[in-house]
Amino acid sequence: MSVTLLAIESSCDETAAAVIQDGNILCNIVASQSIHEKYGGIVPELASRAHQQHIIPVVSQAFLQANIQKKDLNAVACTTGPGLLGALLVGVSFSKALASSLGIPVIKVNHMKAHILAHFIDEPRPAFPFICMTVSGGHTQLVLVKSHLEMDVIGETQDDAVGEAFDKTAKLLGLPYPGGPLIDKYAQLGNPNAFLFPTVDMPGYNYSFSGIKTAILYFLKKNTTIDPDFIEKNLNDICASVQFALVDILMRKLKRAVRETGITRVAIAGGVSANSGLRKTMECMREEKGWEVFIPDFQYCTDNAGMIAMAAYYQFINNDFAGWDLSPEPRLRIGGIV
Ligand code: KG4
Ligand code: ZN
C-alpha cells in the first residue's frame, strides 16, 4: 500500500505544508510572515492571525504541487510543540478538522525531532547512532540520535538559544528581524579576529549565551559613546567577530561530545545550521578530524513542513497515531514535557 501524508507546521512564524508519499517529499510549501520585521521580533498574536490567513492557501498549493487530492491521504500530521501556543493551535485545529472530515488519523510531531529527521529527506542519510547539534531561534541542543524515533538530549542551553544571540545582536546593530542571516552576510566580508568576546564554559555539554549577549551590548555601548559611527564603520568586523565567537561556543561542546562518546557521525540541524561560518567549520572537522558530517540542504534548515512530513512518515509506519484530544504542547521536549 502506498502511504501519502499531509504535514502542517505552524509553531512559530512560518506557515508550512508538505506532502510525503512512501518517504519521498512531493512538495514543501512555506509562507513566511514579514509582519514581524518592523517589531524586531515575533509578536505571538500577529503570528497566530497570519497562520489563520495563510493556512488554507498554503495547503491548497501543496495539493496542487504534489498533484494529489484529499481522498489520497492516509493521515494528517502537525507540529504540536514546542512553539507558540496560539500559532500551534492553528495548525493543530486545522489538521484535526481535516483528518476527522476525511475519516483518517492524525499524527503529532515534535518540532525538534523533526529538525533532526530532516536529514532523512535526501541522501546522504546518517547511520545510527549519530550526534546532532540542533541550533535554532528557540533551542540549542546536543542530541544523541539512536533511531528515527529514539533520541536523548545530552546537553542544551541553560538560557538563550544561539539563534536568539544572533537575532539580539542584530537588533543592537540596528538590523531588521530575523537578523541571523544578515549577521552571516556581513560576517563574510569582515575579520573574525577584529574583536574578542569573552565566553563562559558551562558544565558538561550545556551551553549559555546570555553572557556573550551582555558582553556584546556593553562593547557596543562603550564604543558608540566614543564614536557614534562605530557600528557603521565596523559592521562587517563586528558581525564576523560575533559569528566567530558564537560558532566557537557551539563547536567546543560538540567536539567534547564527539571525543567522549566516540561517535564521529555528526549532524547539524535547525535555522542556525544555515550559517556559513558553522557550515564551514563542520566541513573543516570532516577534513581535520575525519568526522562523517551531515549538513542539511538550505530549504530544510529553517522551519519547514518537509521535516514534519519526514518525522510523520516514520511515526506512521510505527503506528504512532494521536487521539482526537490532541492539542498544542508549547513546552514539548525531546523525551517529554517539562
Ligand atoms: O529553526 P528556525 O527556522 O526556527 C526556530 O525553530 O526557532 O530558526 C530560526 C533562527 C533565527 O534565530 C534565525 O536568525 C536563525 O535561525 N538563522 C541564522 C541563519 N539563518 C537563520 N542564524 C545565523 N546565520 C544564518 N545564516
Ligand atoms: Zn525550528
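Note: the structure precedes this text.
Let me sum up the structure you'll find in this document. It should be emphasised that the depicted structure is a prediction, and the values quoted were computed from it without experimental measurement.

## Concerning the coordination of the zinc ion (ligand 2)
Part 1 of the argument: Distances from the zinc ion (ligand 2) to its protein donors, His111 (NE2), His115 (NE2) and Asp303 (OD), fall at 2.0 to 2.1 Å.
Part 2 of the argument: Expressed as a motif, the donor residue spacing for the zinc ion (ligand 2) is H-x3-H-x187-D. Of this pair, histidine 111 and histidine 115 both sit in helix 3 (residues 111–117), four residues apart, which is roughly one turn of that helix.
Part 3 of the argument: The exposure class of histidine 111 is buried, given its relative accessible area of 5%.

## Points about the environment of phenylalanine 230
Part 1 of the argument: Its location among the elements puts phenylalanine 230 in helix 7 (residues 230–261).
Part 2 of the argument: In this structure, the C-alpha to C-alpha distance between phenylalanine 230 and alanine 7, residues 223 residues apart in sequence, is 47 Å.
Part 3 of the argument: Each residue touching phenylalanine 230, except ones within four places of it in the same chain, is listed here: Phe195, Phe219, Leu220, Asn223, Thr224 and Ile238.

## With respect to the packing of aromatic side chains
Part 1 of the argument: Summed over all chains, the structure comprises 11 aromatic pairs.
Part 2 of the argument: Where phenylalanine 120 meets phenylalanine 128, the ring centres are 5.5 Å apart and the plane angle is 20 degrees; that geometry is what we call stacked.
Part 3 of the argument: On the numbers, 5.9 Å between centres and 25 degrees between planes, the contact of phenylalanine 128 with phenylalanine 130 is stacked.
Part 4 of the argument: Over the aromatic face of phenylalanine 298 sits the side chain of arginine 279, whose NZ or CZ is 4.0 Å from the ring centroid.

## A closer look at the packing of helix 7 against helix 8 (residues 276–289)
Part 1 of the argument: At a closest axis distance of 10 Å, the pairing of helix 7 and helix 8 adopts a crossing angle of 40 degrees. Between helix 7 and helix 8, the angle falls in the class oblique. Helix 8 is crossed by helix 7, and the crossing has right-handed handedness. On the side of helix 7, the interface is formed by Gln243, Val247, Leu250, Met251, Leu254 and Lys255, while helix 8 contributes Ser276, Gly277, Leu278, Thr281, Met282, Met285 and Lys289.
Part 2 of the argument: Residues of the contact of helix 7 with helix 8, tallied by class, amount to seven nonpolar, four polar and two charged.

## Side note on the sheet that holds strand 4 (residues 75–81)
Part 1 of the argument: Within the open sheet, the five strands sit side by side as 3-2-1-4-5. Their pairing is mixed. Because the sheet does not close on itself, it has two edges, and the strands there are strand 3 (24–32) and strand 5 (106–110). On average, each strand axis in the sheet is inclined to that of its neighbour by 20 degrees, with strand direction left out of account.
Part 2 of the argument: Taken strand by strand, helix 2 (residues 85–102) contacts strand 1 (4–9), strand 4 and strand 5, and its axis lies near 160 degrees from that of strand 4.

Calculation rules
Residues numbered from 1 in each chain as written. Chains lettered and ligands numbered in written order. Predicted model: local features only at pLDDT ≥ 70, side-chain atom pairs only at ≥ 80, totals over all residues. Heavy atoms only, no water. Donors = N, O, S within 2.8 Å, 3.2 Å for Na, K, Ca; no water. Helix = DSSP H or I, 4+ residues; strand = E, 2+ residues; numbered from the N terminus. Buried < 20%, exposed > 50% of the residue type's maximum accessible area, 1.4 Å probe, protein only. Contact = heavy atoms within 4.5 Å. Phe/Tyr/Trp six-rings, centres within 6.5 Å; stacked < 30°, edge-to-face > 60°. Lys NZ or Arg CZ within 6 Å of the ring centre and 35° of its normal. Axes fitted to C-alpha atoms, helices over the stretch in contact; angles between N-to-C directions. Parallel < 35°, antiparallel > 145°, perpendicular 65-115°, else oblique. Left-handed = near helix turned anticlockwise from the far one by under 90°. Nonpolar A, V, L, I, M, F, W, Y, C, P; charged D, E, K, R; others polar. Pairing = 2+ DSSP bridges.

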